[in-house]
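# Residue-level structure breakdown
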Amino acid sequence: MQSESTTMGNEIQDATQEWMPTPLTFKTRYIGPSEDNLTDEQKRIRQNILETRPRTGLSGPFGPWLAVPSIAQPAQQLGQACRYHTSLSMRESELIILLTAAKTRSHAEFDIHVGEAVKAGLSLSIIRAIPRDDDFSAAQVREWILPLLNDNRREQAMVVFAAELLDSYSVSDETYELTKRAVDNKDSVLVEITSIVGYYTFVAYTLNVFRIPSSSS
């Protein structure tokens, strides 16, 4: 009988194998300044990034961002806050990140976060059901994702809020109030959801423009 950790490891491996198309289709445009040509300020920021991201380092958007220190430093801090210092569970956060990647057509961002999402407790059936590219809409997310969340009203409300924000760049009064009630009437949680969507949209745009493949992360 397989242990729980072995089963989880197999699921993450399956997910990683299923979503890794970008190395085959991307020709990277820019991965950031050469280590040999960094200014003292860039070296300091680079070291800070490496210390706070020991597993992934300068992968993803951090290489291009490092070209502009005044962007790289606050982006690094905002990323830390959005990823690790909100009241959302990692499962909730990863679901919102995947929705953001799907809407912004960032296949690299989607690929990067599939394994993290599985580790956080999202099933492959939920991940596969996320509408992507031309299929993405708030209505489609409602139809395809909500039934798979097992009547978890908090998650369902967060998904509706994030999908509507991504699809229309705002949310209706009804969605705002329904989501607020689902998160114990805390406006601060809605700030967190909005911030995660905004930050990972910035990440997605960076990955898309500079064609950073998922294999680099």
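Above this text you will find the structure in question.
Residues numbered from 1 in each chain as written. Predicted model: local features only at pLDDT ≥ 70, side-chain atom pairs only at ≥ 80, totals over all residues. Heavy atoms only, no water.

## Some words on the packing of helix α11 (residues 173-182) against helix α12 (residues 187-210)
One way to put it is that α11 packs onto α12 with a least axis distance of 9 Å and a crossing angle of 115°. When the interaxial angle is binned, α11 and α12 end up roughly perpendicular. Crossing of α11 over α12 shows right-handed handedness. Between α11, through Y176, T179 and K180, and α12, the contact on the second element is made entirely by D187, L190 and I193. For the contact of α11 with α12, the class distribution of residues is 3 nonpolar, 1 polar and 2 charged. (Axes fitted to C-alpha atoms, helices over the stretch in contact; angles between N-to-C directions. Helix = DSSP H or I, 4+ residues; strand = E, 2+ residues; numbered from the N terminus. Parallel < 35°, antiparallel > 145°, perpendicular 65-115°, else oblique. Left-handed = near helix turned anticlockwise from the far one by under 90°. Contact = heavy atoms within 4.5 Å. Nonpolar A, V, L, I, M, F, W, Y, C, P; charged D, E, K, R; others polar.)

## Focus on the side chain of E92
Its place among the elements puts E92 in helix α6 (residues 90-103). For E92, the side chain forms a polar contact with the side chain of R154, separated by 2.7 Å. (Polar contact = N/O pair within 3.5 Å; in protein donor to acceptor, adjacent residues only side chain to side chain.)

## Quick look at the side chain of E155
Among the secondary structure elements, E155 is positioned in helix α10 (residues 153-168). Those residues in contact with E155, other than ones at most four positions away along the chain, are R91, E92 and L149.

## Section: the pattern of salt bridges
For the structure shown, the criterion picks out 9 salt bridges. Where R83 meets E116, a salt bridge forms, and the shortest distance between an N and an O atom there is 3.5 Å. Of this pair, R83 sits in helix α5 (residues 69-84) while E116 sits in helix α7 (residues 107-119), and the two are 33 residues apart along the sequence. Relative accessible area serves as the criterion here: at 13%, R83 is assigned to the buried category. For K119, the salt bridge is made with E116, and the minimal N-O distance between the two is 3.6 Å. Here the residue K119 and the residue E116 both occupy positions in helix α7, the gap between them amounting to 3 residues, near one helical turn. For K119, a relative accessible area of 48% translates into the label partly exposed. Through salt bridges with shared partners, one network takes in R83, E94, E116 and K119. (Salt bridge = Lys/Arg side-chain N within 4 Å of Asp/Glu carboxyl O. Buried < 20%, exposed > 50% of the residue type's maximum accessible area, 1.4 Å probe, protein only.)

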